[in-house]
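The residues making up each chain are set out below.
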2 protein chains.
Amino acid sequence: MNAVGIVGVGLIGGSFGLALRKAGFTGSIVGVSSERSIAEAESCDAIDHGLSLEAAAASCDLLFLSQPIYGIIATLEKLGPLVRPGLLVTDAGSTKRVIVDAARRFLPPGSFLGGHPIAGKEVRGAAAGDGDLFRNRPWVLTEDLDHPVRHWIAAIGARELILDPDEHDRLLAWSSHLPQLASTALASVLSEQTGAVKAVAGSGLMDMTRLGMSSFDLWRDILGTNEVAVAAALDAYIAKLQYLRDDFGKEFRQAGEFAQSLKQRG
Amino acid sequence: MNAVGIVGVGLIGGSFGLALRKAGFTGSIVGVSSERSIAEAESCDAIDHGLSLEAAAASCDLLFLSQPIYGIIATLEKLGPLVRPGLLVTDAGSTKRVIVDAARRFLPPGSFLGGHPIAGKEVRGAAAGDGDLFRNRPWVLTEDLDHPVRHWIAAIGARELILDPDEHDRLLAWSSHLPQLASTALASVLSEQTGAVKAVAGSGLMDMTRLGMSSFDLWRDILGTNEVAVAAALDAYIAKLQYLRDDFGKEFRQAGEFAQSLKQRG
């Protein structure tokens, strides 16, 4: 792997560039993005320089698509006629079914490996990039494909995990999409209360509303491409909240065991 | 204020002792607690030594009741015949209406000032105590009573806030009790899912389930003494989750503004 192209150089794309450099990658790293994002990513050394998608597809042996989901799908369509032997396309999209299907439709067989590094921050842009962002975080791949990118995923400290796209989307509905909606709903309902709610806020409320700061630009696509699984998780959560009162003690114990085991897992 | 008695020397009581010392309090600090808690608090210098409630009431000019809510109420009843002029009783209970009513029933007028330092950790015990636990955190008082304890509340870095007991309980149902139940329900519903939910967990899920580790020993009393306000908050949250789907964009914007303003407040 000698030349990597990062398409969409925001927080995730910028962090991938920084992480590759930190792990000892000495090949070229180019960015395909808006002029402003390229300038931002160049100034923090996340990429060497910017290129057009056509030029990146011609010169790179890995393209990492780290755009919002529908941006990734649009890029896959454009890449259709540009993919040549020796180029692998991978991505960082937060849902996998629609992306893997789009890749199957637009790209030659064997040229795509779906991916999802499960890491993030509530801030955006390459300037907030962090070469350690993926350290000890899961990095889902949708296939057990033999390619050097997997060496680099391990080298930057991520924990590779192979999951079928449907299973990925179902699991993420629970582990990520539901927590996001629980936080959004909490912050939204609190914003409608009168009186000194903010003045009495403790650190627990800060934790519980932090995800509420996430950008809807990203979440529109995530929720729109995982509707069935998200609806099932949301319904189960609402039912749990409704019946919580029947046995608070049981629910606290069950929740405590789960939260504790998650914390120990780190 | 020359002698302080801390009744129930756990995380909050222990931290209060450590905070007083850190702020320059040179009087005596005694603890009224189980033998084990006294030993733990002594070994981390949160208190000087242990005393019986009778001896503490006779020798202290401030008693700080930092027990679970029903423990505080039981202590108030015991203190009835022990309170003498010059002794102020205050507390750290997480709900205020039932405690203020009990104090009115059991103690002489003017000898009680309801309090609630809004600070905590998911771990318990004086060994986890922290002299900076109350720094920049709200400390609710139920009356504008003139007493040196308010000087010390300011000296340990807390932000005093005077609230009527009912208004306190209503606000805390939103800012604390609802977030706790939202976290408990989330961790509980996730614990019932099959598959690699934990393996794909990100930092957002860790934040959202951290409160789920809270002890039910404390929460049984909190939920049991604020039932009406908690039920109203829970119902509003469930309704918000139900109607969230109608306009995700609006809810994300509204939530984002609230969460951002909370973060800026610190």
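Going along each chain's sequence as written, the residues are numbered from 1 onward. In the order they appear in the text, chains get letters beginning with A and ligands get numbers beginning with 1. The model is predicted, so local features are restricted to residues of pLDDT at least 70 and side-chain atom pairs to those at 80 or more, both for listing and for counting; the totals for chains, interfaces and linings are taken over all residues. Side-chain calculation: all heavy atoms of the structure are included, whereas hydrogens and water are not.

(A) Expanded view of the pattern of salt bridges. Here a salt bridge means any side-chain nitrogen of Lys or Arg lying within 4 Å of a carboxyl oxygen belonging to Asp or Glu. Throughout the structure, instances matching the rule amount to 30 salt bridges over all chains. Note that A:Arg97 is salt-bridged to A:Asp101, the shortest N-O span being 3.1 Å. In this pair, A:Arg97 and A:Asp101 are both assigned in helix 5 (residues 97-106), four residues apart and thus about one turn of the helix distant. Only protein chains enter the accessibility calculation, which uses a 1.4 Å probe. A residue is then buried if its area is under 20% of the maximum for its type, exposed if over 50%, and partly exposed in between. On the basis of relative accessibility, which here comes to 21%, the residue A:Arg97 falls in the partly exposed class. The salt bridge partner of B:Arg97 is B:Asp166, with a shortest N-O separation of 3.1 Å. With a gap of 69 residues between them, B:Arg97 in helix 5 (residues 97-106) and B:Asp166 in helix 7 (residues 165-191) connect regions that are remote in the sequence. Classification of B:Asp166 as partly exposed rests on a relative accessible area of 42%. It is possible to trace a salt-bridge network through shared partners that takes in A:Glu192, B:Lys240, B:Lys250 and B:Glu251. Helix and strand definitions here come from DSSP, where helices need a minimum of 4 consecutive H or I residues and strands a minimum of 2 consecutive E residues; each element is numbered from the N-terminal end.

(B) Representation of the pairing of strand 1 (residues 3-7) of chain A within the structure. Residues and elements named next belong to chain A. Across the five residues of strand 1, five count as buried, placing the element largely inside the fold. Residues of strand 1 alternate between two faces, with Ala3, Gly5 and Val7 on one and Val4 and Ile6 on the opposite face, all of them buried. Strands were regarded as paired on the criterion that DSSP finds at least two bridges between them. Note that strand 1 and strand 2 (residues 28-32) share five bridges and pair parallel. Within strand 2, the position partnered with Ala3 by the bridge is Ser28. Handedness of a crossover is defined as follows: orient the strands so they point away from the viewer, and if the path from the first strand over the helix to the second runs clockwise, the crossover is right-handed. Where the polypeptide runs from strand 1 across helix 1 (residues 11-22) and back to strand 2, its parallel neighbour, the crossover connection is right-handed. When strand 1 meets strand 4 (residues 62-65), the two strands line up parallel, connected through four bridges.

(C) Region of the structure containing the relation of the copies chain A and chain B. The copies were overlaid by least squares, fitting only the C-alpha atoms of residues that reach a pLDDT of 70 or more in each copy. Between chain A and chain B, the superposition needs a rotation of 180° and an axial shift of 0.0 Å, giving an RMSD of 0.0 Å. What the superposition gives is, in effect, a two-fold axis relating one chain to the other. Any two residues whose heavy atoms approach within 4.5 Å at even a single point are treated as in contact. A shared binding surface is used by both copies, with 100% of the interface residues of chain A retained as interface residues in chain B.

(D) A look at the sheet that holds strand 9 (residues 159-162) of chain B. Residues and elements named next belong to chain B. Spatially, 7-8-9 is the arrangement adopted by the three strands of the open sheet, whose pairing is mixed. Either end of the sheet is taken by a strand with one partner, and the two such strands are strand 7 (115-117) and strand 9. Ignoring strand direction, the axes of neighbouring strands in this sheet form an average angle of 20°. Here strand 8 (residues 138-141) pairs with strand 9 via four bridges, running parallel. Looking across to strand 9, one finds that Leu141 is bridged to Ile162. Fitted lines through C-alpha atoms serve as axes, helices being fitted only where they are in contact, and the angles separating the N-to-C directions of these axes extend from 0 to 180 degrees.

(E) View of the interface of chain A and chain B. Listed as interface residues are 79 residues of chain A and, on the opposing side, 79 residues of chain B. In this description, buried area is defined as the sum, over both parts, of the accessible area (probe of 1.4 Å) that is lost when the two are combined. Both sides of the chain A and chain B interface together cover about 7500 Å² of buried area, and 72% of this is carbon and sulfur. Among the residues of chain A in contact with chain B, A:Val200, A:Phe252 and A:Phe258 are the three that bury the most area, contributing 10% of the side total. On inspection of chain A and its partner chain B, the count reaches six salt bridges. For A:Arg245, the salt bridge is made with B:Asp235, and the minimal N-O distance between the two is 2.9 Å.

(F) Focus on the side chain of A:Gln180. Along the chain, the position of A:Gln180 falls in helix 7 (residues 165-191). Polar contacts here mean pairs of N or O atoms no more than 3.5 Å apart (in protein, one a potential hydrogen donor and the other a potential acceptor; neighbouring residues in sequence count only if both atoms are side-chain atoms). Here A:Leu211 takes part through its backbone oxygen, which lies 3.0 Å from a polar atom of the side chain of A:Gln180.

(G) Quick look at the sheet that holds strand 7 (residues 115-117) of chain A. Residues and elements named next belong to chain A. Taken together, the three strands give an open sheet; going across it, the order is 7-8-9, and neighbouring strands pair in mixed fashion. Where the open sheet ends on each side, the last strands, each with one partner, are strand 7 and strand 9 (159-162). Averaged over neighbouring strand pairs, the angle between their axes works out to 20° when direction is ignored.

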